[in-house]
Amino acid sequence: MDEPLPNGERAAPGHLSIAPDSSPQVERADEDRRRKPRTRGYATARVGVEDPLRSLFPDHWRLMAPAMAIVTTVVGLGTWTLPGTVSAALALLAVLICAGAPRFAAMQAAAEMTGLARAAIAAVAVGVPCALYSFALATWAIRAEGHGWHAAVAGVAVLSFAAGALLDRRLPAKMAAVVCLWIGPASLSEGLLGKLALAAVIVASVAIGYLEISRVLRKMEVRTAREHEQRRAEELLAEYEETGQGWFWETDRRGQLTYVSRRIAKSLGKTPADLEGRPFTELFILDIQEPQESERTLVFHLSTRSSFHELPVRAATKEREERWWSISGRPVLDQFDNFLGFRGSGTDLTETRKSQRDVVQLARFDSLTKLANRFQMSEWLAKILDAPRIENKACAVFLLDLDRFKQVNDTMGHPAGDALLRQVADRLRTTVADSGQVGRLGGDEFKVILPGRVSREELAHLAHRIIENLSQPYSIDGSRVIIGASVGIALSPDDGTTADELIRNADLALYAAKDGGRGRHHFYAHDLHSDARERQQMEQDLRDAIAQGGLELHYQPQVRVTTEKITGFEALLRWKHPRLGYLSPAKFVPVAEDAGLIPQIGEWALRTACHDLAKWPPEVRVAVNVSPLQFANPALPAIVTSALAGAGVSPGRLELEITESVFLGDDSATEAMFAALKRVGVRLALDDFGTGYSSLGYLKNAPFDKIKIDQSFVRGATVEGSRNGALIASIVSLAEALGMETTAEGVETLDELDLIRLLGCSHVQGYIYEKALKPADAAARLKTSLTALAKGPRSARAPRQTMLRKVVLEHDQQEYDATIRNISRSGAMVEGLWNVPVGTTFVIQLSESLRRLATCKWCSEDRIGVEFDQPLPMDASGAVQFTPPRQVREKGDTATLRKAG
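All of these numbers come straight from a predicted model, not from anything done at the bench.

1. Quick word on the overall build of the protein chain
Within the protein chain, the secondary structure is distributed over 27 helices and 28 strands. Expressed as a percentage of its 901 residues, the buried residues of the protein chain come to 44%. Summarising the internal contacts of the protein chain: among those between residues at least 6 apart in sequence, 63% fall at separations of at least 24. Only carbon and sulfur atoms are counted for the fraction: they give 55% of the accessible area of the protein chain, which is about 46600 Å².

Right, dumping it as structure tokens:
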């Protein structure tokens, strides 16, 4: 059985060597050897284990020489005789051979020696001297007579014990020494029994020696295989360290490094020798720990000598970028459970943490605008609403929706839309600042959370600043873009105590703000639920109308000024609701836009207009509006061609009215679409000229046949001091220079018609000639005559001021939001109310200090004319005065009004 070595380890199988003296000096040396740092690798092979076939006898076999000399002396004293010449010669020769044991041992340890040669050397060094000395004692005993045999046997026995001690763990050599020591007495004795015993011992020794050598060889094979595996493991570990996939470390019982990978030392700007003997904790910055490790830090594990696994720590490198490691370790104990230190491994965690941060960024932040996303905003809101104290649950929620953003996205493309969203996010973040949290919900929807109780006045002021800032012009790819914003506001706990309630109510308020004209804010009110249901019902009714043919096209004549002949009609979309009657496009078109129904409605309008055009005289044209979304559709030329072919009309009789917003998109795509439409043969008209896109550069290449002058230029053009006439004249001159016709929209009075004639417009469209006619009425009108007769009032109203002023009208305890387009001392034109019966009375809140009772005198679509019961006050310049005069006028005390005509 293997015996433990002096240092507490066990010898490798087949290890045959005598144990050295366990002196204190040797133990201290062994302890120093164990503590000495290892620098070749994390795991090193144990050295100093002898090959048993290379050392059949040790060099200290020389001690057998003095043992033989002592036995000789003792035998001589015991028998009072001297050995004979032969005996003395044999004994001396045996002593000399044993004394030369170190030289024989060096010879057998040579690498080039074979096993048979080593056995021969062992036989000469061990067997020959023992046999010689055995015959020396036997011949001496025969010569001495008397007690000579007793002394010889005693001497052989003593030397047998000495040989056994010197040849410990070398069983073949030990058996050979013992047999050779007894061979002399046994062979020279007179009895037959001794000779038989000697023969049996020789046979047994040979057999035992053969078995022992076989066992040693097998153990050597096992040990060689184990050492090969160990070397392979060392190489794999070294390669693992070199590739940078991981590293290893080891400390002593005091927490000082005894080993660390060279790569880690290099990353710290040191060498392994510099770090060995330093505290293990110096490798890290331990004041920054992961939150989940706050109770189980590295210092805690080291002090309690407990294992730890994948503990994230920040490396104490001098690199600008933070480097993180994940380390694992376990305490190392000896066979008596004494703590020897720690041993463990580490991996680079830097890229993993970067990936985790990226995942968190994606999970909690919007990748486009870098604002908080829907998930994080919901977390913040839930945290406020889950506060234990009721006063801490107060907050305000803003939901924002961008007005006209879809138009930019459809015409300019998604990259431009993304760039616009980033600019909107920057402005919104700057406007809200530290007052609250800003996030993007998706698309063009944003959300603001304001914690704490804030007055409605302050909230309204913030909402106004948000709308104002977001409505300022943007620069996208060199183009000037203008959008707006609508804001819905809900408060906690007034409008809800849960996140779902607040978001739903803020959304209702947002819809109310959009329905009220956009570009405004609205606080949640309980009656908005019914409005939301109405809007949802309207969307469903609109879908049914599209499916069942409930939409209509009405046609308003376009008259040539010089001949007063009808040259064409503009197709105007109308919807007669089953319950509500005719609804304004301003009311149901936004619903269609939100529902994505505009392309479907546009194609239907195009086909229907071509179908009605086929019934009209060949010299009459029809104009159909094309939305920016339709214009961006590459299939538009094919749709137009199909509609013309299906109706059997000439392409030149169809006029497509296109707004300036189409030029916000890709120039090459826009030019390609214009070229494709002109190849079809249709006419192109520029609608609402001068109200949108600010640049005129597109007119150089755009193949328009007509420019339509927006009605905002026509209204008020006859008022003294108005510049509208000059603008109309400029547009007409521009169109004539480019070879285009002009149509003035919204002409309602004879004075306006005279001015249009004077300024040179080629066509007129407005109530002065005809209102929009149903298809049957339009066909009947064309059968009578193409001549149009101007009928309408000659402008005799009091001088009016044009403006855009938000007002509130009260009727039958209901409030309505509307806009004043123009106003005089006696009356005003109000926009935003539909189907108002003539004679209806309202109380109009013109300002905080000015209210008037007004009566409806006429109603047309979403506009009404009202007459005040009392004239409005006028200031020194002749303008309507909405606020009482003050001795010291301060900025903002009075409303800004345009100069009266």
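2. Overview of the nonpolar core
Of all hydrophobic cores here, the largest spans 81 residues; its most connected members are W616, L654 and F704. The element that contributes the greatest number of residues to this core is helix 20 (residues 598-613), accounting for seven residues. Leaving out residues up to four positions away in the same chain, F704 has contacts with F663, F674, L684, A685, L686, Y698, L699 and M740. The next biggest cluster of nonpolar side chains, apart from the first, holds 38 residues, and it includes L56, A105, A131 and A163.

3. Points about the sheet that holds strand 24 (residues 814-823)
Pairing within the closed barrel is antiparallel, and its six strands lie in the order 23-24-25-28-27-26. Within this sheet the neighbouring strands show an average axis-to-axis angle of 45°, counted without direction. Strand direction decides the pairing type here: strand 24 and strand 25 (residues 827-831), joined by four bridges, are antiparallel. Bridging across to strand 25, N822 finds its partner in M829.

4. Considerations on the pattern of salt bridges
According to the stated counting rule, one finds 30 salt bridges in the structure shown. Here D426 ties to R429 by a salt bridge, and the two come within 3.0 Å at their closest N and O atoms. Placement of the pair is D426 and R429 together in helix 15 (residues 414-432), with a separation of three residues, close to one helical turn. A relative accessible area of 40% means that D426 is categorised as partly exposed.

5. Side note on the confidence of the model for the protein chain
Averaged over the protein chain, the pLDDT score is 80; the fraction of residues at 70 or greater is 84%. Low pLDDT, under 50, characterises residues 288-295; the predicted model gives this stretch 12 contacts beyond four residues in sequence or across chains. Across residues 886-901, where pLDDT falls below 50, the model places 21 contacts with residues more than four positions away in sequence or in other chains.

6. Thoughts on the environment of Y259
Residue placement: Y259 occurs in strand 2 (residues 257-260). Separated by 16 residues in sequence, Y259 and L275 place their C-alpha atoms 8.3 Å apart.

7. Thoughts on helix 2 (residues 64-79)
The α-helix winds at 3.6 residues per turn, so residues separated by three or four positions along the chain end up facing the same way. Compared with the 22 Å implied by 1.5 Å per residue over 16 residues, the 22 Å span of helix 2 between its first and last C-alpha is a close match. Among all positions in helix 2, only M64, A65, A67, M68, V71, V75, G76 and T79 are buried. One or two residues past the end of helix 2 sits W80, with phi positive at roughly 55°.

8. Notes on helix 15
A rise of 1.5 Å per residue sets the reference length of helix 15, with its 19 residues, at 27 Å; its end C-alpha atoms lie 26 Å apart and thus fit the reference within 8%. Looking one or two places after helix 15, you find A433, whose phi comes out positive at around 55°.

9. A few points about unusual backbone geometry
For the bond from S492 to P493, the omega torsion is 5°, close enough to zero to count as cis. Take P493: it is sitting in the loop between strand 12 (484-492) and helix 17 (499-515). Here R305, not a glycine, exhibits a phi torsion of approximately 55°, which is positive. Its location among the elements puts R305 in the loop between helix 11 (298-304) and strand 4 (308-315).

10. Comments concerning the packing of aromatic side chains
If you walk through the whole model with that rule in mind, you get 13 aromatic pairs. Here the aromatic rings of W249 and F308 are separated by 6.3 Å at their centres, their planes lie at 10°, and the arrangement is stacked. Residue W249 is located in strand 1 (residues 247-251), and its partner F308 is located in strand 4; the two are separated by 59 residues in the primary sequence. In terms of burial, W249 and F308 fall into one category: buried. Measuring from ring centre to ring centre gives 5.2 Å for F280 and F284, while their planes differ by 85°; the resulting arrangement is edge-to-face. Its relative accessible area of 2% is what places F280 among the buried residues. With relative accessibility at 6%, the residue F284 sits in the buried group. One aromatic cluster is present, built from ring pairs that chain together W247, W249, F280, F284, F308, W325, F339 and F342. The ring of Y767 carries K771 above its face, with NZ or CZ at 5.6 Å from the centroid.

The rules behind the values
- Residues numbered from 1 in each chain as written.
- Predicted model: local features only at pLDDT ≥ 70, side-chain atom pairs only at ≥ 80, totals over all residues.
- Heavy atoms only, no water.
- Helix = DSSP H or I, 4+ residues; strand = E, 2+ residues; numbered from the N terminus.
- Buried < 20%, exposed > 50% of the residue type's maximum accessible area, 1.4 Å probe, protein only.
- Contact = heavy atoms within 4.5 Å.
- Areas by Shrake-Rupley, 256 points an atom, 1.4 Å probe, with all protein chains shown as cover.
- Core = buried A, V, L, I, M, F, W, Y, C linked by side-chain atoms within 4.5 Å.
- Pairing = 2+ DSSP bridges.
- Axes fitted to C-alpha atoms, helices over the stretch in contact; angles between N-to-C directions.
- Salt bridge = Lys/Arg side-chain N within 4 Å of Asp/Glu carboxyl O.
- pLDDT = per-residue confidence, 0-100.
- Expected span 1.5 Å × (residues − 1).
- Phe/Tyr/Trp six-rings, centres within 6.5 Å; stacked < 30°, edge-to-face > 60°.
- Lys NZ or Arg CZ within 6 Å of the ring centre and 35° of its normal.

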